[in-house]
Amino acid sequence: MTKKALITGITGQDGAYLSEFLVKKGYKVFGAVRRTSSINTSRLSYIGILNDVEIVPIDLAEITNIQRLVEKIEPDEIYNLAAQSF
């Protein structure tokens, strides 16, 4: 069975490299990004895994959004690397 991972902050440096590591291990990777942000996927493109991850919108300030996403994806692992960058 393929393991699934949910990574918040996937477009950041650490999130991108963690995604690469997990993709190479055979994981299905979901990357959560802020709904209101412009999505900069340049790091994922540079590493060459943009097509191997699924980007999903999320609002981390709303617990019900998080619950719905976790129920939908049913990840085996969750990595919270999200941070406000400005």
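Structure: above.
Scoring rules and cut-offs
Residues numbered from 1 in each chain as written. Predicted model: local features only at pLDDT ≥ 70, side-chain atom pairs only at ≥ 80, totals over all residues. Heavy atoms only, no water. Pairing = 2+ DSSP bridges. Helix = DSSP H or I, 4+ residues; strand = E, 2+ residues; numbered from the N terminus. Axes fitted to C-alpha atoms, helices over the stretch in contact; angles between N-to-C directions. Buried < 20%, exposed > 50% of the residue type's maximum accessible area, 1.4 Å probe, protein only. Polar contact = N/O pair within 3.5 Å; in protein donor to acceptor, adjacent residues only side chain to side chain. Contact = heavy atoms within 4.5 Å.

Draft legend 1. Representation of the sheet that holds strand β1 (residues 4-8) within the structure. In spatial order, the strands read β3-β2-β1-β4; together these four strands make up an open sheet with parallel pairing. Strands with a single pairing partner mark the edges of an open sheet, and in this sheet they are β3 (53-58) and β4 (77-80). Put simply, the sheet's adjacent strands are angled 20° from each other on average, direction ignored. Sheet topology note: the β1/β4 ladder contains four bridges and is parallel.

Draft legend 2. Main features of the side chain of Thr 8. Relative to the helices and strands, Thr 8 is located in strand β1. Given a relative accessible area of 5%, Thr 8 falls into the buried group. A distance of 3.0 Å separates the side chain of Thr 8 from the backbone nitrogen of Leu 81, its partner in a polar contact. Of note is the side chain of Thr 8, whose polar atom sits 3.3 Å from the backbone nitrogen of Ala 82. Here Thr 8 is in contact with Ala 32, Leu 60, Tyr 79, Asn 80, Leu 81 and Ala 82, once residues within four sequence places are set aside.

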